[in-house]
Amino acid sequence: MCGIFGCILREGQAVKLINDGLKRLEYRGYDSTGVAIINNNQMEVRKDKGRIEEVITSLRILDMPGKIGVGHTRWATHGAPAMENAHPHTDESDSIAVIHNGVIENYLELKDEMIEKGHIFKSRTDTEVLAHLLEEEMKTDIGLQGAMLRVLRRIKGSYAFVVLSTYEPDKIYCARNESPLVLGVSENGTFCASDVPALLPYTNQVNYLRNGEMAVLSLEGYKIVKISDGSEVERPTQEITWSPEMAEKQGYTHYMLKEIHEQPTSLRNGLRLQERYLELLTQFLDRGKEVFLVAAGTSFHSCLAGSYLFSKLARLTTFPVVSSEFMERYGSTVGIDSIILTVSQSGETYDTLKAIDHARMRASTVLGVTNTVGSTLTRVARAYLIQQSGPEIGVAATKTFTSQVMVLSQMALKLAKTRGKLSQDELDEYDQKLHMIPDWVEETITKNEERIKQLAEENMNEELFVFLGRGISSATALEGRLKLLEITYVPSLAYPAGESKHGPISIIEEGVTCVFVCPRGETHSHIIGSIMEMKSRGAKILSICEEGDEDIKRLSDKVVEMPKGIPEELSPIVYITPLQLFAYHLAVLKGLDPDMPRNLAKSVTVP
Ligand code: AGP
């Protein structure tokens, strides 16, 4: 996720508005900042690693003259935070400047093609390829609009692109596929931005660019065209009635709620892993004598789900362990043949980095899954995958959990293929289901949110919750319980359901709420037994089950129904969403701030 702002003005300096706009978008990313301005037909680009304020001051960006320009605040996805990877990216003649939010899936093949044609790349980003492709097209007499359309038709992946060029120095071109871009017009000019808050000081009449559309901005306003056939699109503007604070959260009351709702998008991005690195990581996993999955908190729950995925799909035994216990438990036995797969949203968690240091000292191979390019984890791991969730601001991890499980699922499937553990038909079916997950998550949220709010109201005064699941759903139960505990402070337990009768059942009495996670699959008949055990001791049963699952519905007091057809192995990614929403609404009803729970920090960088 990155922030984009562009403007064409009648009066005033573009950089002043770009600076303000980027500051309002800083929540979208903040590792590098850059600006391109055209003045007297000359393009000037200034950019560097660092937050907006730092870069604007150190490069004296506010001194840049000109009435047309674009700016970018970056959240790295390809290439570490560094001056050369900061946007805008330019072609070789510095006539075209490109900024981008998203991930270009086919950039490696396009980059190879451009290199063969003699282009020299200055960065390690996926974005730069667009500048070179445009430069190549501009060698014909097709014009900038034609060149844009031709290039956009070749790009696969998610993007909001904004292009400034001396070929047409009074226009800004932009395009969208799955990454947001909003257009607006005021008396003083025309604007584009990643999000409404950046436009609100100038106009509350906006037009959201849609997937597959390109827009041409000029002082006269904007023209929207379809990328597929170049035809013009007429669409009325929309009036925004949000306050600036609400606008920053896209109308949601809290970042946590916004991030829960962002999951269909973050999961779609999580499906766009770089094949080359996926391959590399799975090769290491395959070669290791033993594989440890090391992480803390929510990331540990992803590892727990991952251990079932590796075992069930790829027949690989792995050892999930919380980072802070790794050294005591395995520190004296890990060695040169051990693989340590670490998972960390921030890439900066102290306990996880400590475990990595130790593993490296013992000559083990360290691999990583993280959300943060340029984090310590990405610097010390032998190889890593970026989970592509975008920045998460709420302290309670939500979209980063589902993305991590999405990445681990793809690793398990790739490994299953390498090791010959699944047939091609099975692989194809899992792949098809994996691609349905973002839609299933969307459907779950849309259909169930009101019902979950109502369940939160009904359970408002509960003093204890018990979360239970079997198999991979025990990871979902643990994560559901962590969400509730973190932001509502209500005491709660989570257990593998089969284990509950070995102790925890003693606390069950009349009226205690037991939350059961019950997808269809191998564990279904066992979970029915566990529900009966709790029910017969007076527990109230709240079940998350498949739509039309009469066996579970009959035994439960309340149910949340999930879409049909989700394989049990992939269920945590979808089945966690009602539990995230339940925790969120309960916290809000209790008058608590779910974004800033007491005693917690987003990233725990201390021992
Ligand atoms: C999750 O809701 C928590 N905020 C916390 O448990 C978190 O997952 C943990 O601190 C690990 O962080 P990391 O993924 O950045 O390493």
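S.K.: In this structure, what is going on with unusual backbone geometry? I would like to understand it.
M.R.: Glycine aside, residues mostly have negative phi, and peptide bonds are mostly found in the trans state. Omega for the bond connecting histidine 87 with proline 88 falls within 30 degrees of zero, at 0°, which places this linkage in the cis form. Positionally, proline 88 belongs in the loop between β4 (68-74) and β5 (89-90). For glutamate 178, which is not a glycine, the phi torsion comes out positive at approximately 70°. Along the chain, glutamate 178 turns up in the loop between β8 (172-177) and β9 (182-186). In the Ramachandran plot, alanine 363 falls in the positive-phi region, its phi being about 65° despite a non-glycine side chain.

S.K.: Honestly, the side chain of serine 302 in this entry has me stumped. Any pointers?
M.R.: Checked against the element boundaries, serine 302 lands in helix α10 (residues 297-314). Ignoring anything within four residues of it in the chain, the contact list for serine 302 reads Phe401, Gln404, Val405 and Leu408.

S.K.: What should I look at first to understand the site of the ligand in this one?
M.R.: As a structural note, the neighbourhood of the ligand is formed by 13 residues, with Ser299, Ser344, Gln345, Ser346 and Thr349 the closest of them. A distance of 2.8 Å separates an oxygen atom of the ligand from a polar backbone atom of alanine 397. When isolated, the ligand has an accessible area of 420 Å², and the protein chains bury 91% of it. No other element matches α10, which puts three residues into the shell around the ligand. Taken together, the residues of the shell around the ligand break down into four nonpolar, seven polar and two charged.

S.K.: I tried to follow a negative patch on the surface on my own but got confused; where do I start?
M.R.: Side chains of Asp425, Glu426, Asp428, Glu429 and Asp431 sit close together on the surface and give a patch of like negative charge. Mapped onto the elements of the fold, aspartate 428 is located in helix α15 (residues 424-458). Looking at aspartate 428, the relative accessible area reads 42%, which means it is partly exposed.

S.K.: Honestly, the sheet that holds strand β21 (residues 465-469) in this entry has me stumped. Any pointers?
M.R.: Each strand in a sheet pairs with its neighbour through backbone hydrogen bonds, running either in the same direction (parallel) or in the opposite one (antiparallel). Strand order in the open sheet formed by five strands is β22-β21-β23-β24-β25, and the pairing between neighbours is parallel. With partners counted over all chains shown, the strands left at the sheet margins are β22 (492-496) and β25 (558-562), one partner each. Neighbour-to-neighbour, the strand axes of this sheet turn through a mean angle of 15°, independent of strand direction. Across five bridges, strand β24 (residues 540-546) lies against β25 in parallel orientation. When the bridges of β25 are listed, cysteine 545 appears paired with glutamate 561. Sheet strands touched by α15: β24 and β25. Its angle to β25, the strand with the most contacts, is close to 165°. Most of the contacts of helix α19 (residues 571-589) go to β24, to which it runs at about 140°, and overall it touches β21, β23 (513-518), β24 and β25.

S.K.: What am I meant to see in the sheet that holds strand β2 (residues 32-39) here?
M.R.: Across the sheet, eight strands lie side by side as β3-β2-β4-β1-β10-β9-β11-β15; this open sheet has antiparallel pairing. Among the strands making up the open sheet, the edge pair consists of β3 (42-49) and β15 (238-239). Across seven bridges, β2 lies against β4 in antiparallel orientation. Within β4, the residue paired with isoleucine 38 across the bridge is isoleucine 68. Packing against the sheet, helix α1 (residues 14-24) makes contact with β1 (3-9), β2, β4 and β10 (189-193), and its axis sits at approximately 155° to β1.

S.K.: Please explain the environment of leucine 385 as it appears in this structure.
M.R.: By the element assignment, leucine 385 lies in strand β20 (residues 383-386). Considered as a pair, leucine 385 and leucine 273 are 112 residues apart in the sequence and their alpha carbons are 7.5 Å apart. Setting aside residues no more than four positions away along its own chain, leucine 385 makes contact with Leu273, Gln274, Tyr277, Leu278, Leu281, Gly368, Val369, Thr370, Val407 and Met411.

S.K.: Just checking my understanding: could you explain the domain arrangement of the chain for this structure?
M.R.: For interface size, the figure often reported is the accessible area lost on association. According to the domain assignment, the chain consists of domain 1 (3-244) and domain 2 (265-589). Between the C-alpha centres of domain 1 and domain 2 there is a distance of 37 Å. Listed by partner, the interface residues are 18 residues for domain 1 and 15 residues for domain 2. When the two sides are added together, the surface that domain 1 and domain 2 hide from each other amounts to roughly 1,300 Å², 56% of it contributed by carbon and sulfur. Contact with domain 2 buries area across many residues of domain 1, yet Trp75, Leu108 and Glu178 alone supply 38% of it, more than any other trio. Seen at the junction of domain 1 and domain 2, the total is two salt bridges. Remark: the boundary between domain 1 and domain 2 carries three residue pairs in polar contact (both at pLDDT 80 or more). Of all elements in the fold, only β6 (96-104), α3 (107-116) and β7 (157-165) reach the threshold of two or more residues within the side of domain 1 that touches domain 2. For the side of domain 1 that touches domain 2, a count of residues per class yields nine nonpolar, six polar and three charged.

S.K.: Hey, could you run me through the packing of helix α14 (residues 399-418) against α15 in this one?
M.R.: Angle between the axes and distance between the axes are the two parameters that describe a pair of packed helices. Close contact between α14 and α15 brings their axes to 11 Å; oriented N to C, the two are set at 170°. Considering their axes alone, α14 and α15 lie roughly antiparallel with respect to each other. The segment α14 lies against α15, with Met406, Ser409, Gln410, Leu413, Ala416 and Lys417 engaging Gln424, Leu427, Tyr430, Leu434, Ile437 and Pro438.

S.K.: For this particular structure, what's the right way to read the pattern of salt bridges?
M.R.: If the charged atoms of two oppositely charged side chains come close together, the side chains can form a pair. Throughout the structure, instances matching the rule amount to 31 salt bridges. In this structure, the salt-bridge partner of arginine 520 is aspartate 549, at a minimum N-O distance of 3.9 Å. Pair noted here: arginine 520 is in the loop between β23 and α17 (524-535) and aspartate 549 is in the loop between β24 and α18 (550-555), with a separation of 29 residues, a long-range link. Using a relative accessible area of 32% as the deciding quantity, one classes arginine 520 as partly exposed. Looking at aspartate 549, the relative accessible area reads 0%, which means it is buried. What you see here is one network of salt bridges that share partners, running through Glu105, Glu178 and Arg272.

S.K.: Help me out: how do you make sense of the packing of helix α4 (residues 128-137) against helix α5 (residues 143-152) in this one?
M.R.: Axis separation between α4 and α5 bottoms out at 9 Å; the angle between their running directions is 130°. If you check the angle between α4 and α5, you find them oblique. For α4 against α5, the interelement crossing comes out right-handed. The segment α4 lies against α5, with Leu130, Leu133, Leu134 and Glu137 engaging Ala147, Met148, Arg150 and Val151. Broken down by class, the residue content of the contact of α4 with α5 amounts to six nonpolar, no polar and two charged.

Reading the values: rules and limits
Residues numbered from 1 in each chain as written. Predicted model: local features only at pLDDT ≥ 70, side-chain atom pairs only at ≥ 80, totals over all residues. Heavy atoms only, no water. Helix = DSSP H or I, 4+ residues; strand = E, 2+ residues; numbered from the N terminus. Contact = heavy atoms within 4.5 Å. Near = heavy atom within 4 Å. Polar contact = N/O pair within 3.5 Å; in protein donor to acceptor, adjacent residues only side chain to side chain. Areas by Shrake-Rupley, 256 points an atom, 1.4 Å probe, with all protein chains shown as cover. Nonpolar A, V, L, I, M, F, W, Y, C, P; charged D, E, K, R; others polar. Patch = residues over 30% accessible without salt bridge, like charges linked within 9 Å, V, L, I, M, F, W, Y side chains within 5 Å. Salt bridge = Lys/Arg side-chain N within 4 Å of Asp/Glu carboxyl O. Lys, Arg positive; Asp, Glu negative; His and termini not counted. Charge placed at Lys NZ, Arg CZ, Asp CG, Glu CD. Buried < 20%, exposed > 50% of the residue type's maximum accessible area, 1.4 Å probe, protein only. Pairing = 2+ DSSP bridges. Axes fitted to C-alpha atoms, helices over the stretch in contact; angles between N-to-C directions. Domains from an automatic or database assignment. Buried area = accessible area lost by both parts, 1.4 Å probe. Parallel < 35°, antiparallel > 145°, perpendicular 65-115°, else oblique. Left-handed = near helix turned anticlockwise from the far one by under 90°.

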